[in-house]
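In case you want the letters, here they are:
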Amino acid sequence: LYRVTVNRKVKIFGGLGPYIALNTNGTEKGFMMLDSAVGSTHYAIKRTIDDKLKFESGLSNPSQNISRVAPIDIGLDILVGCQYKRWQFSMSYNRGFTQLYRTNEFNAGNAFWMWTVGYQLFGKERSARL
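Please read all numbers here as calculations on a predicted model, not as lab measurements.

(A) Focus on the layout of surface pockets. Here the largest pocket defines a volume of roughly 300 Å³. Class assignment for the residues of the lining of the largest pocket results in no nonpolar, five polar and nine charged. Reported here for the second largest pocket is a volume of approximately 170 Å³. Every residue lining the second largest pocket is listed: Glu-28, Met-32, Leu-59, Ser-60, Asn-61, Pro-62, Ser-63, Tyr-101, Thr-103, Asn-104, Glu-105 and Phe-106. Residues that form the lining of the second largest pocket fall into these classes: five nonpolar, five polar and two charged.

(B) Geometry of the pairing of strand β3 (residues 27-38). One ladder, built from twelve bridges, connects β3 with strand β4 (residues 41-52); its direction is antiparallel. Residue pairing in the sheet places Thr-27 in a bridge with Lys-52 of β4. Counted between consecutive antiparallel strands, the loop separating β3 from β4 contains two residues, among which Gly-39 sits at a positive phi close to 65°.

(C) Molecular detail of the nonpolar core. Counting residues in hydrophobic clusters, the biggest one holds five residues: Leu-53, Val-69, Ala-70, Leu-100 and Tyr-101. When residues no more than four places from it in sequence are discounted, the contact partners of Leu-53 are Gly-26, Thr-27, Glu-28, Ser-67 and Val-69.

Calculation notes
Residues numbered from 1 in each chain as written. Predicted model: local features only at pLDDT ≥ 70, side-chain atom pairs only at ≥ 80, totals over all residues. Heavy atoms only, no water. 1 Å grid on protein atoms, 1.4 Å probe; cavity = no way out; pocket = protein on both sides within 12 Å on 5 of 7 lines; lining within 4 Å. Points joined across faces, edges and corners; volume = space filled by probe spheres on them. Nonpolar A, V, L, I, M, F, W, Y, C, P; charged D, E, K, R; others polar. Pairing = 2+ DSSP bridges. Helix = DSSP H or I, 4+ residues; strand = E, 2+ residues; numbered from the N terminus. Core = buried A, V, L, I, M, F, W, Y, C linked by side-chain atoms within 4.5 Å. Buried < 20%, exposed > 50% of the residue type's maximum accessible area, 1.4 Å probe, protein only. Contact = heavy atoms within 4.5 Å.

Shown next, in the form of C-alpha cells:
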C-alpha cells in the first residue's frame, strides 16, 4: 500500500497485492431446466436446486445433487482510495485465478468490486522520524 499526502487533511492511497481466501460454508440454490423425451414428444422439467456445498476438488453435478467448490481461492486485489481527516473512502477490484465451481458445461471463478467507507475512532497520525 502506498500513500501520498496531498495536504494536512487529504491523503491518497493505492495498492496491489495477492490474496488467499478459504471457503467455509455455503448452499447452491436456483433452478435447472431438464429435457426429457418420450417418443417424439419433448418435455422441459424445471427442477429446484438446494444443495449444501462440499469444499473439495472435482466436478459438480447439480442433477445428482453434487455441488463441489474448490476449498481455496487465490487471486489479486487492486485498491485505490482517499482519506479526508479521519474518513477513508476506497474501492478495490478482486480477481480470483482459481476455478471454484466446475461442471461439464462451464467453469466459474471469482471476481468482484468492493467499496468501503471507514472512520478512524482512536489513534493519531504520526510522522516518520529520520
